[in-house]
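Next come the chains, spelled out residue by residue.
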Amino acid sequence: GGSLDSSSVAVSFFTGREVEARVDGATLHVEVDGLPEGKHTLRIDAADDSGRAAPRLVVPLWVEAEPFDWSDAIIYQIMIDRFAPSGEPRDIGLPREEALTARHGGDLPGILEVLESGYFDELGANTLWITPIYDNPDEPWPWYLGLESEAYHGYWPIDSRSVEPLIGGDEAAHALVSAAHAHGMRIILDVVPNHVHTDHPYYQENRFDWWFNGLGDCVCGSTCSWADDIDHCWFSEYLADLRWRNPIVARQIVSDTLFWLDEYDFDGLRIDAIPMMPRLATREIVHAVRQRFERGPTTVHLLGETFVNIGDY
């Protein structure tokens, strides 16, 4: 609401390198020469003359020989645990029945090794899409057909802003995204805004505060119908379905989703379980992404899962 305090303006790259900027009235001029090919994300902070800070402006930019078009992207999708282990695989010697639902040991450093080898370049892939990197439970949980399953797939979040240590943790996530950008590749992250595992602090601390649709008494395809209850049933008795119609929940999950773009500089999101949430969920996410990350020439690519099946799905 006030006038810009020009002395408060701070501009830096995602890497932390500061950039000089010139303020001319309401216009900010930033000039940078000699940038190598790849992605360079600017972060701009400022306040008005009463000290009130504006939301950070994030401007992703690309230096590349040919303009990129998402409609022409060649996307290579990776289920992290099943792709490339950087160390010893975890499934050696496991009986086939156990190996089906056990962690195999693929990780982010393993993807980085494959990236640096030129494998994706040889294929012509210019975009990677990776499964969720949230921290997930270590121990196995009951699954279909009487089996137990480990969270090898990443879809059982127990922390919405922490990278799974078993796939490399925070440092490995930063290293992979940075290397992909240096190779001129975009990278899409799978996010899970529909539910959390019951071990998640959100459930442990807020399960009686209208954060969730019930307390596990309505499980999709079991005690409830996929057809009639899809927007509020739980995937399983330990995957708590978030109540998006609670504004507190909506704000928190939107903020958590933006965190991955802001903190790790991903180029797109694949949003899980779209049919299982009210339409307001995706509208809130899309609006927030556009407001925060699309104020420059670069767009954030958003994909939504719309899986359907036979029967009462």
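Residues numbered from 1 in each chain as written. Predicted model: local features only at pLDDT ≥ 70, side-chain atom pairs only at ≥ 80, totals over all residues. Heavy atoms only, no water.

(A) Quick peek at the state of the cysteines. Using the criterion set out here, one finds two disulfides in the structure. Across the disulfide, C218 is cross-linked to C224 (sulfur-sulfur distance 1.9 Å). Classification of the bridge connecting C218 and C224 rests on its S-S torsion, roughly -125°, and on that basis the disulfide is left-handed. Just as C218 is buried, C224 falls in that class too. The disulfide bridge from C220 ends at C233, spanning 2.1 Å between sulfur atoms. On the sign convention where negative means left-handed, the S-S torsion of about 100° between C220 and C233 marks this disulfide as right-handed. With C220 in the loop between α5 (201-206) and α6 (226-229) and C233 in the loop between α6 and β15 (239-241), this residue pair connects regions lying 13 residues apart in the sequence. (Disulfide = S-S within 2.5 Å. Buried < 20%, exposed > 50% of the residue type's maximum accessible area, 1.4 Å probe, protein only. Helix = DSSP H or I, 4+ residues; strand = E, 2+ residues; numbered from the N terminus.)

(B) Structural detail: the packing of aromatic side chains. Taken as a whole and judged by the stated rule, the model has 18 aromatic pairs. Ring centres 6.1 Å apart and planes at 20° place the aromatic pair F83 and F120 in the stacked group. Here F120 lies in helix α3 (residues 119-123) and F83 lies in the loop between β7 (75-78) and α1 (96-99), a separation of 37 residues in the sequence. Between W141 and Y238, the aromatic rings sit 5.0 Å apart at their centres with planes inclined by 45°, giving tilted as the arrangement. Residue W141 is found in strand β10 (residues 141-142), and its partner Y238 is found in the loop between α6 and β15; the two are separated by 97 residues along the sequence. (Phe/Tyr/Trp six-rings, centres within 6.5 Å; stacked < 30°, edge-to-face > 60°.)

(C) Highlighting the sheet that holds strand β16 (residues 268-271). With parallel pairing, the five strands of this open sheet are ordered in space as β7-β8-β13-β16-β17. What marks the edges here is a single partner per strand, and that holds for β7 and β17 (301-304). Within the sheet, the average angular offset between the axes of one strand and its neighbour, ignoring direction, is 20°. Here four bridges tie β16 to β17, and the two strands are oriented parallel to one another. Bridging across to β17, I271 finds its partner in G304. (Pairing = 2+ DSSP bridges. Axes fitted to C-alpha atoms, helices over the stretch in contact; angles between N-to-C directions.)

(D) Quick look at the pairing of strand β1 (residues 10-13). With four bridges joining them, β1 and strand β5 (residues 38-45) adopt antiparallel strand pairing. Considered in β5, the bridge of F13 is made with L42. Note that β1 and strand β2 (residues 18-19) share two bridges and pair antiparallel. Residue pairing for β2: S12 is matched across the bridge by E18. Here β1 hands over to β2 after four residues, with G16 in that stretch at a positive phi of 105°.

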